[in-house]
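Breakdown of the fold
What follows is the residue order along each chain.
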Amino acid sequence: LMLVRRLCMTLAIVTATTVLLGHSTPIASQETPLPEQFIGELIEKAIKVLELPVEARSEREEGFRALLNQNFDMPAIVRIVLGRHWRTATPGQKSKFSHVFRTHLIQVYTSQLGAYGGEIIQIEKSAQLSKKDTVIYTLILRKEEDPLRVDWRVRETKRGLKVIDVAAEGVSMLTTKRSEFTSLVAREGVDALIGRLEDMNVKNQEAAES
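Rules behind the numbers
- Residues numbered from 1 in each chain as written.
- Predicted model: local features only at pLDDT ≥ 70, side-chain atom pairs only at ≥ 80, totals over all residues.
- Heavy atoms only, no water.
- Helix = DSSP H or I, 4+ residues; strand = E, 2+ residues; numbered from the N terminus.
- Expected span 1.5 Å × (residues − 1).
- Buried < 20%, exposed > 50% of the residue type's maximum accessible area, 1.4 Å probe, protein only.
- Polar contact = N/O pair within 3.5 Å; in protein donor to acceptor, adjacent residues only side chain to side chain.
- Phe/Tyr/Trp six-rings, centres within 6.5 Å; stacked < 30°, edge-to-face > 60°.
- Lys NZ or Arg CZ within 6 Å of the ring centre and 35° of its normal.

Turning next to helix 2 (residues 34–50). With 17 residues, helix 2 extends 24 Å from end C-alpha to end C-alpha; this agrees with the ideal 24 Å at 1.5 Å per step. Of all the 17 residues making up helix 2, 12 are buried; the element is thus mostly covered by neighbouring parts of the structure. Within helix 2 the residues assigned to the buried category are Pro-35, Glu-36, Gln-37, Phe-38, Ile-39, Gly-40, Leu-42, Ile-43, Ala-46, Ile-47, Val-49 and Leu-50.

This is how it looks when you write it as structure tokens:
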């Protein structure tokens, strides 16, 4: 699914990231580790959004917004993708960047992901990276194409389990976006990045309404 690759190169996240497709085996059981249950439930929620008609843009946009806000650690993701420049940004810049970046992600999900096509995703295993972080290894099975590997990094936070990174075929969305953003900020500044994202958001909205 090339959309997943594209999403990971532009995000999320996340998404979604967004191999948010289907699964082939029951997820919730007493023996299933909690992070795997969390990802399984996230997939189920995403399927409901992807089953909405592509033309129902506002409903799909609202669905993706809810998925990001409820299941992704957006405050952490925002800080990470801005890299070292987060520490020197003003409170106003941090607030603006957080807003335009979230809007950017939601528009990417809404515009680039088509309807659910019955793809199958298998949760293969999980591996604990640290006291708080676990990686869930999944495999997307596609008709007449090679499987696509997507790994989810899940973190235990004060608000429960949250996704903080998604990697498609080893390409981390956080690493990719941080590289893009910090490079632009180093050349032109935080305000320039915010302006670039704002312009992209306006163009995407105009394209959706045309």
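With that out of the way, let us pick up helix 7 (residues 173–188). Compared with an ideal rise of 1.5 Å per residue, which puts 16 residues at 22 Å, helix 7 spans 22 Å between its outermost C-alpha atoms and is within 8% of the ideal. Taking the backbone nitrogen of Leu-174 as reference, a side-chain oxygen 3.2 Å away marks Ser-172 as the first, capping residue of helix 7. Immediately beyond the C-terminal end of helix 7, within one or two residues, lies Gly-189, with a positive phi of roughly 105°.

Here we take up the packing of aromatic side chains. All told, the structure shown has 3 aromatic pairs when counted by the stated rule. Each ring, one from Phe-97 and one from Phe-101, has its centre 5.6 Å from the other, and the planes form 10°; the classification is stacked. Taken together, the positions of Phe-97 and Phe-101, both in helix 6 (residues 91–112) and 4 residues apart, correspond to about one turn of that helix. Phe-101 matches Phe-97 in its accessibility class, with the two residues each being buried. Ring centres 5.8 Å apart and planes at 90° place the aromatic pair Phe-97 and Phe-181 in the edge-to-face group. Of this pair, Phe-97 sits in helix 6 while Phe-181 sits in helix 7, placing them 84 residues apart in sequence. Judged by relative accessible area, Phe-181 falls into the buried class, the value being 5%. Put simply, the rings of Phe-97, Phe-101 and Phe-181 pair up and form one aromatic cluster. Across the ring face of Tyr-137, the terminal group of Lys-125 is positioned such that the distance to the ring centre comes to 5.2 Å.

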